[in-house]
2 protein chains.
Amino acid sequence: MTQNQNRRILLASRPTGWPEPANFRLVTEAIPAPGAKEVLVRALWLSVDPYMRGRMSAAKSYTKPVEVGEVMTGGVVGQVVTSLHPAFRPGEIVEGSLGWQDYAVAEASLLRKIDPGLAPIQTAVGILGMPGMTAYFAFLEVCQPKAGDTVVVSGAAGAVGQIVGQIGKINGCRVVGIAGDDGKLAHLKRDCGFDATINYKTSNDLPAAVTAACPNGVDVYFDNVGGAVSEAVFNSLAFKARIVICGQISQYNLDKPDLGPRNLRYMLVNRARMEGFLVWDWRDRYPEAIRRLAGWIKDGRIKYSEHVAEGLEKTPEAFIAMLRGANLGKALVKVADPA
Amino acid sequence: MTQNQNRRILLASRPTGWPEPANFRLVTEAIPAPGAKEVLVRALWLSVDPYMRGRMSAAKSYTKPVEVGEVMTGGVVGQVVTSLHPAFRPGEIVEGSLGWQDYAVAEASLLRKIDPGLAPIQTAVGILGMPGMTAYFAFLEVCQPKAGDTVVVSGAAGAVGQIVGQIGKINGCRVVGIAGDDGKLAHLKRDCGFDATINYKTSNDLPAAVTAACPNGVDVYFDNVGGAVSEAVFNSLAFKARIVICGQISQYNLDKPDLGPRNLRYMLVNRARMEGFLVWDWRDRYPEAIRRLAGWIKDGRIKYSEHVAEGLEKTPEAFIAMLRGANLGKALVKVADPA
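Chains are numbered independently. Their residues run from 1 in the order of the written sequence. Each chain is given a letter, starting from A, and each ligand a number, starting from 1, according to the order in which they appear as written. Under the rules for a predicted model, residues below a pLDDT of 70 receive no local features and side-chain atom pairs below 80 are neither given nor counted, while totals for whole chains, interfaces and linings still include all residues.

1. Describing the pairing of strand β14 (residues 273–276) of chain A
- Both strand β12 (residues 237–245) of chain A and β14 of chain A contribute to a ladder of 4 bridges, which runs parallel. From the neighbouring strand, V244 of chain A faces β14 of chain A, where its bridge partner is E275 of chain A.
- Two elements, β14 of chain A and strand β14 (residues 273–276) of chain B, share 3 bridges in a ladder whose sense is antiparallel. Within β14 of chain B, the residue paired with R273 of chain A across the bridge is E275 of chain B. If DSSP finds at least two bridges between two strands, the strands pair. By the criteria applied, helices consist of DSSP H or I runs no shorter than four residues and strands consist of E runs no shorter than two, each listed in order from the N terminus.

Structure (structure tokens):
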């Protein structure tokens, strides 16, 4: 696996609708050299996540898009090759937003040092990284679950959804997961302790299925997908329901808008609260969440699963497959083994 | 105006789409007699409000619907005729949900005594009643406005909207009102201190009009109407925007759903918060709001306007006209003068 070149995957063009392999371009360049106080990192694991679809578009968002010709953005777990900063030494494992490439130079302040003794290092972009932080803070802080609440999670088999459901069980909630594949749903019930599941692809009356699964209404709705799935859930909200909007993956690849009733009467009738969430806003409290999640993993109270593709060059197809729901749990690309 | 019969307006049939006069029936019955601890009240003013449209439907809501053949529900300012309860004496002015009728018998606990020295008595169903309480608590408590915030109010010329805008000005906000009539908009700017206004009926690009009126984005959106107007506002939300859903009048009379994009991405991108509001939840704090609003009226810091129809029998058409937006300010029906 030794290389002396840096393979990089660039955004070649902005997609309209679903991204395709042709929207990406693999180039090979020289390995960059770190400047003063910088660190050269070799990628071991790349994370592919739904938010990256937003970065491929020029539409206004919470951060600037990737420009055509730039390397695709993304979280990376890597190993320090060379460090010109005293806080990092060669061989150490780090995590950072280093993009889809074998090697990256980064400012030390943008790297997080990973303890390989805590959990497998790739969890630093999974349950002990962005998806885990999202599940922890969006669910516990925004949704404020109480024991006995009925919690519905959309995108339940994804990296975030699986963890939300299990944190819900730890907090004494009744957890209902929605996903699009019976195998995923079986996993959620068998391995993650979900109380009930709904297959949104095969249900022929999704609002009725939610009502049946939630006879006392939906106290908490953790939304990763949006669209028709959310509309079905909104139909069954309980009094003082709390909704967190973490993702809208059903909407990211549409070339024309998905239409539904514009009526927000369900908010009023139930005095519901809905909030949009971005994990970065909670960065000051990541250590708390990492400590607790790592404890729950160690105790066997939380399980996580990974969906791994091998080889940097496979990243575009792994990303597209994740957008289409092929993954169970965290979608990752393994790039190299640690030296 | 002396009568010895009780005229009552009943729900004759449930409307599909817009209500029509034929959905109501005027009947004349004997004046009821109060039982032990009850009070007989003669109506002086009836309130007509958007929420009544919901009560005409059988759909699930926050309270039970009016049944066909029952008297229409509604807030009334009236005068005590006979009292079998020690807390009320003949001649006193009271407010309660007594329905569309000349006379009603009520439990004393459901009546609120009105001080005629505070403001004209009909304000007990207006600025010092349900619409004023809605404006006060939904705006100040749910939206948490700060000086410098840009506040957008839909249904701005209605009973609630006018007051919200003026409370916004008192709190140092920049206030933008949306309504459907240039005369109303002129009133909002001239008499209520609104900084900018938008006519949603004549604008040919409503999202662009909101963006132009709110160059720094919308910090607070007070929604009385829903539908396309809200969609335009959502397009311009600022970071950490707060949205309160108080009404969805644009949706109440549709015979098929009004469709729009189902994408809630604007919530996520802006980390916005949306809450549904029902004034009854705040009833324990009405005295605080009444005291402050009455003070602001006395100081000349808040103006309110009334749109008055004369005669109980005119109530159905006054109600329908209000739903169609004919009113500027609080829509009322004057039934009788105090004895």
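There's more to say after this.
2. Observations concerning unusual backbone geometry
- Positive phi is not limited to glycine here, since K240 of chain A has a value of about 60 degrees.
- By secondary structure assignment, the location of K240 of chain A is in strand β12.
- Of the residues examined, K240 of chain A has 13 C-beta atoms within 10 Å and is grouped as partly exposed.
- Of note, Q144 of chain B is a non-glycine position whose phi angle comes to about 45 degrees, a positive value.
- With respect to the helices, strands and loops of the structure, Q144 of chain B is situated in the loop between α2 (130–143) and β8 (150–154).
- Three exposure classes are used, based on other C-beta atoms lying within 10 Å of a residue's own C-beta, which is placed from the backbone: buried for 20 or more, exposed for 12 or fewer, and partly exposed in between. The class of Q144 of chain B is partly exposed, set by 14 C-beta atoms lying within 10 Å.

3. Some points on the interface of chain B and chain A
- Facing the 30 residues of chain B at the interface are 30 residues of chain A.
- At the level of secondary structure, the elements contributing two or more residues to the side of chain B that touches chain A comprise α6 (227–234), β13 (259–261), α7 (265–270) and β14 of chain B.
- Looking at the side of chain B that touches chain A element by element, the count peaks at 5 residues for α7 of chain B.
- Residues that form the side of chain B that touches chain A fall into these classes: 13 nonpolar, 9 polar and 8 charged.
- As judged from the 3 bridges shared by strand β13 (residues 259–261) of chain A and β13 of chain B, these two strands associate in the antiparallel manner. When the sheet's bridge partners are listed, L259 of chain A is paired in β13 of chain B with P261 of chain B. Residue pairs are scored as contacts if the distance between their C-beta atoms, which are placed from the backbone, is within 7 Å. When residues are grouped by polarity, Ala, Val, Leu, Ile, Met, Phe, Trp, Tyr, Cys and Pro land in nonpolar, Asp, Glu, Lys and Arg in charged, and all others, Gly among them, in polar.

4. So, the nonpolar core
- Ranked by size, the top nonpolar core spans 220 residues in total, and within it A138, V152 and F222 of chain A together with A138, V152 and F222 of chain B carry the most contacts.
- Those residues in contact with F222 of chain A, other than ones at most four positions away along the chain, are A138, F139, C143, V151, V153, V164, V244 and C246 of chain A. Among buried residues, those of type Ala, Val, Leu, Ile, Met, Phe, Trp, Tyr and Cys that are joined through C-beta atoms within 7 Å form a set called a nonpolar core.

5. Things to note about the sheet that holds strand β10 (residues 196–199) of chain A
- A sheet is described by the order of its strands in space; here 12 strands give the open sequence β10(A)-β9(A)-β8(A)-β11(A)-β12(A)-β14(A)-β14(B)-β12(B)-β11(B)-β8(B)-β9(B)-β10(B), paired in mixed fashion. A strand with exactly one partner marks an edge of an open sheet, and here the two such strands are β10 of chain A together with β10 (196–199) of chain B. Taken over all neighbouring pairs, the strand axes of this sheet differ in orientation by 15 degrees on average, direction set aside.
- Here strand β8 (residues 150–154) of chain A runs beside strand β11 (residues 218–223) of chain A; their pairing, made up of 3 bridges, is parallel. Opposite V153 of chain A, over in β11 of chain A, you have F222 of chain A as the bridge partner. A fitted line through C-alpha atoms represents every axis, and for helices the fit uses only the stretch in contact; the resulting angles, taken between N-to-C directions, go from 0 to 180 degrees.

6. Quick look at the domain arrangement of chain A
Residue and element names in this part refer to chain A.
- Boundary definitions for the domains trace back to an automatic or database domain assignment. For chain A, the assigned domains read domain 1 (6–126 + 305–334) and domain 2 (130–280).
- Measuring from the centre of the C-alpha atoms in domain 1 to the corresponding centre in domain 2 gives 28 Å.
- Contact residues are listed per partner, giving 19 residues for domain 1 and 17 residues for domain 2.
- In the side of domain 1 that touches domain 2, the residues fall into 7 nonpolar, 9 polar and 3 charged.

7. Things to note about the packing of helix α5 (residues 206–213) of chain B against α6 of chain B
Residues and elements named next belong to chain B.
- Close contact between α5 and α6 brings their axes to 8 Å; oriented N to C, the two are set at 45 degrees. In terms of axis orientation, α5 runs oblique to α6. Considering how the two elements wind past one another, α5 and α6 form a crossing that is right-handed. Every residue of α6 that contacts α5 at L206, P207 and V210 is listed here: A228, V229, A232 and V233.
- In terms of residue class, the contact of α5 with α6 is built from 7 nonpolar, no polar and no charged. Should an angle fall under 35 degrees it is taken as roughly parallel, and over 145 as roughly antiparallel, whereas 65 to 115 is taken as roughly perpendicular and any remaining angle as oblique. Each crossing is labelled by how the near helix is turned from the far one, with a counterclockwise turn of less than a right angle marking it left-handed and a clockwise turn marking it right-handed.

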